[in-house]
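Survey of secondary and tertiary structure
Take a look at the letters that make up each chain.
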Amino acid sequence: MATRRNDRDTESFVALLNEDLQTEYQSIVQYINHIATITGPEFLSIIGELKVHLGQELVHAQTLADQVSFLGGRPATTVPRVQTASDSRGALAADLHLENDQLERYRERFSQASELGLADVAEALRPLLEQTQEHVRDLKTALGE
Ligand SMILES: [Fe+2]
Ligand SMILES: [Fe+2]
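Remember, predicted model here, so these are calculated numbers, not experimental data.

For the rest of this paragraph, the subject is the overall build of the chain. A tally of helices and strands in the chain yields four helices and zero strands. Its helices and strands in sequence order give the chain the pattern α-α-α-α, from N to C terminus. Judged by the C-alpha coordinates and their principal axes, the chain covers about 60 × 25 × 20 Å. Looking at the 145 residues of the chain, the share that counts as buried comes to 40%. As presented, the chain carries roughly 8,200 Å² of accessible surface, and 50% of it is formed by carbon and sulfur atoms. Across the chain, 13 positive and 23 negative side-chain charges occur, with their mean positions spaced 4 Å apart.

Below, the structure is given as structure tokens:
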């Protein structure tokens, strides 16, 4: 019985990891678009930061796909719809919104992995959690928040 419940918990955990993976696909598309379209001297330094974020999102997506596969799931390939922002500030606000959402997701996922006794998975998720915190900080600074 306990094992069956654990299987079910792992299955929902994998489904959530797959949703996390899709949010990373969204980040990748969104950052590529924003790096190419954000303008204005006040945003010059954040564009450099966004390029760093983009490289890290690629690694986040790879990490999540590996974990899904490791846990017996099939990594998602669906990219959520990306809204186009009307201006540079709006674009950065959308990035911040997505990063905040991911931060919440990774905090939850990290503790779920630990609860499920998946120490390796929790360890693999730690850099995602830490780098997402940095991304939130970078975007807040750029937006003067
Ligand atoms: Fe990410
Ligand atoms: Fe990020």
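Now that the structure has been shown, we can carry on.
The subject of this paragraph is the coordination of the iron ion (ligand 2). All of the protein donors around the iron ion (ligand 2) are Glu57 (OE), Glu99 (OE), Glu99 (OE) and His135 (ND1); their distances to the metal are 2.1 to 2.4 Å. In the primary structure, the donors to the iron ion (ligand 2) are separated according to the pattern E-x41-E-x35-H. In this structure, the iron ion (ligand 2) is positioned 3.5 Å from the iron ion (ligand 1), and both are ligated by Glu57. In this pair, Glu57 sits in helix α2 (residues 44-70) while His135 sits in helix α4 (residues 119-142), placing the two residues 78 residues apart along the sequence. Note on accessibility: Glu57 and His135 belong to one class, buried.

To continue, consider the side chain of Arg109. Its place among the elements puts Arg109 in helix α3 (residues 88-115). Of the polar contacts made by the side chain of Arg109, one reaches the side chain of Asp20; its length is 2.7 Å. Apart from residues lying up to four places away in sequence, Arg109 is in contact with Phe13, Leu16, Leu17, Asp20 and Leu125.

A separate point is the pattern of salt bridges. Within this structure, the stated rule accounts for five salt bridges. Of the charged contacts, one joins Asp20 and Arg105 as a salt bridge, the two residues approaching to 2.5 Å between their closest N and O atoms. Here Asp20, found in helix α1 (residues 2-37), pairs with Arg105, found in helix α3; they are 85 residues apart in sequence, far enough to count as distant. The same class applies to Asp20 and to Arg105, which are both buried. Arg109 serves as the salt-bridge partner of Asp20, at 2.7 Å between the closest nitrogen and oxygen. Of this pair, Asp20 sits in helix α1 while Arg109 sits in helix α3, and the two are 89 residues apart along the sequence. Taken together, the shared-partner salt bridges in this structure form one network comprising Glu19, Asp20, Arg105, Glu108 and Arg109.

Glancing now at the packing of α2 against α4. Viewed as axis vectors pointing N to C, α2 and α4 meet at an angle of 155°, and their least axial separation amounts to 10 Å. Here α2 lies roughly antiparallel to α4, going by the angle between them. Here α2 and α4 pass one another in a crossing that is left-handed. Taking contact as the criterion, the partners of Ile46, Glu49, Leu50, His53, Gln56, Glu57, His60, Thr63, Leu64, Gln67 and Phe70 in α2 are, on α4, Val121, Ala124, Leu125, Pro127, Leu128, Gln131, Thr132, His135, Asp138, Leu139 and Ala142.

Once that is clear, we can look at the nonpolar core. Proteins that are soluble and globular tend to have nonpolar side chains buried together. Core analysis: the largest hydrophobic core is formed by 33 residues, its most contacted members being Phe13, Ile38, Leu50, Leu64, Leu92 and Leu139. Elements with a minimum of two residues in this core: α1, α2, α3 and α4. The contact partners of Leu64, leaving out residues within four places of it in the chain, are Leu17, Asp20, Leu21, Glu24, Tyr106, Leu125 and Leu128.

So, how was this worked out
- Residues numbered from 1 in each chain as written.
- Chains lettered and ligands numbered in written order.
- Predicted model: local features only at pLDDT ≥ 70, side-chain atom pairs only at ≥ 80, totals over all residues.
- Heavy atoms only, no water.
- Helix = DSSP H or I, 4+ residues; strand = E, 2+ residues; numbered from the N terminus.
- Buried < 20%, exposed > 50% of the residue type's maximum accessible area, 1.4 Å probe, protein only.
- Areas by Shrake-Rupley, 256 points an atom, 1.4 Å probe, with all protein chains shown as cover.
- Lys, Arg positive; Asp, Glu negative; His and termini not counted.
- Charge placed at Lys NZ, Arg CZ, Asp CG, Glu CD.
- Donors = N, O, S within 2.8 Å, 3.2 Å for Na, K, Ca; no water.
- Polar contact = N/O pair within 3.5 Å; in protein donor to acceptor, adjacent residues only side chain to side chain.
- Contact = heavy atoms within 4.5 Å.
- Salt bridge = Lys/Arg side-chain N within 4 Å of Asp/Glu carboxyl O.
- Axes fitted to C-alpha atoms, helices over the stretch in contact; angles between N-to-C directions.
- Parallel < 35°, antiparallel > 145°, perpendicular 65-115°, else oblique.
- Left-handed = near helix turned anticlockwise from the far one by under 90°.
- Core = buried A, V, L, I, M, F, W, Y, C linked by side-chain atoms within 4.5 Å.

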